[in-house]
Amino acid sequence: MNSFHRRALVSFALLPAFIVARQVRAQAGTAPVLLFKVVSPRDDVVVGIEAAQLGAGTTPPVQRLAAMLADKGQLTLWQYASQHGEGGALVQAPLRQIVVFKNDLLRIEPYTTPLAIKPPGAAK
């Protein structure tokens, strides 16, 4: 086998890895939405906020969100829910905007999901 055939074979073998890496970079650049679960004695709701709104910092994002809520007294956030996206795949998508008020009984925790997260401005 000459060197051209070897290079072609290696290129075809590595092609799926390059495609996946490109998709991950594209998703990271287009949808930097962080999800949190807001838990109260009455109910709980999954909300999302764009990472840019939280700002940069060394503290965990959940602490930055809690500090924003404590400072402002209320925050308008997007409520998220599982929905079928393009092609029928499940995604976490914005449902509606809600207002979260500062309350001593309120708990905020990070929310992780294996589903893709749709940003609020994405076309439905």
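Residues numbered from 1 in each chain as written. Predicted model: local features only at pLDDT ≥ 70, side-chain atom pairs only at ≥ 80, totals over all residues. Heavy atoms only, no water.

**Details of the overall build of the chain**
Of regular secondary structure, the chain possesses three helices and six strands. The linear arrangement of helices and strands in the chain, starting from the amino end, is α-β-β-α-α-β-β-β-β. Of the contacts formed within the chain by residues at least 6 apart in sequence, a portion of 54% connects residues at least 24 apart. (Helix = DSSP H or I, 4+ residues; strand = E, 2+ residues; numbered from the N terminus. Contact = heavy atoms within 4.5 Å.)

**Brief notes about the sheet that holds strand β3 (residues 74-84)**
Strands sit in the order β5-β1-β2-β3-β4-β6 across an open sheet of six strands; the sheet is mixed. Edge positions in the sheet fall to β5 (107-110) and β6 (116-117), since each of these pairs with one other strand and no more. (Pairing = 2+ DSSP bridges.)

**Section: helix α3 (residues 61-72)**
Between its terminal C-alpha atoms α3 stretches 16 Å, which fits the 16 Å expected from 12 residues at 1.5 Å a residue. Of the residues making up α3, those classed as buried are Val62, Arg64, Leu65, Met68 and Leu69. All buried residues of α3 project into a common sector of 165° when viewed along the axis, lining one side. In the core, the buried residues of α3 are packed alongside β1 (33-39), β2 (44-50), α2 (51-54), β3, β4 (90-101) and β5. (Expected span 1.5 Å × (residues − 1). Buried < 20%, exposed > 50% of the residue type's maximum accessible area, 1.4 Å probe, protein only. Arc of directions from axis to C-beta.)

**A closer look at the confidence of the model for the chain**
In this model, the chain carries an average pLDDT of 82, and 73% of its residues clear a pLDDT of 70 or more. Per-element mean pLDDT across the chain ranges from 50 in helix α1 (residues 3-30) up to 96 in β1. Taken together, the stretch residues 17-31 has pLDDT below 50 and engages in three contacts with residues farther than four places along the chain or on a different chain. (pLDDT = per-residue confidence, 0-100.)

**Notes on the side chain of glutamine 92**
Topologically, glutamine 92 is positioned in strand β4. Contacts of glutamine 92, omitting those with residues within four sequence positions, involve Leu35, Tyr80, Ala81, Ser82, Tyr111, Thr113, Leu115, Ala116, Ile117 and Lys118.

**Observations concerning the pairing of β3**
As judged from the two bridges shared by β2 and β3, these two strands associate in the antiparallel manner. Looking at β3, one finds that valine 47 is bridged to glutamine 79. Where β3 lies against β4, 11 bridges are found, and the strand directions are antiparallel. Residue pairing for β4: tryptophan 78 is matched across the bridge by glutamine 97. In sequence, β3 turns back onto β4 through a hairpin of five residues, with glycine 87 there showing a positive phi of about 80°.

**What about the side chain of glutamine 79?**
With respect to the helices, strands and loops of the structure, glutamine 79 is situated in strand β3. A residue is classified by how much of its surface remains accessible, and glutamine 79, at 14% relative accessible area, is buried. Sequence-distant contacts of glutamine 79, defined by excluding residues within four places in its chain, comprise Val45, Val46, Val47, Ala93, Pro94, Leu95, Arg96 and Ile98.

**Looking at the pattern of salt bridges**
Two side chains of opposite charge can pair, provided their charged atoms sit close to one another. A full pass over the atoms with the stated rule returns two salt bridges. As a salt-bridge pair, lysine 37 and aspartate 44 come within 3.5 Å of each other at their nearest N and O atoms. Under the relative-accessibility criterion, aspartate 44 is labelled partly exposed at 43%. The partner of arginine 107 in a salt bridge is glutamate 109, and the shortest N-O contact between them spans 3.0 Å. The partly exposed category is assigned to arginine 107, whose relative accessible area is 46%. (Salt bridge = Lys/Arg side-chain N within 4 Å of Asp/Glu carboxyl O.)

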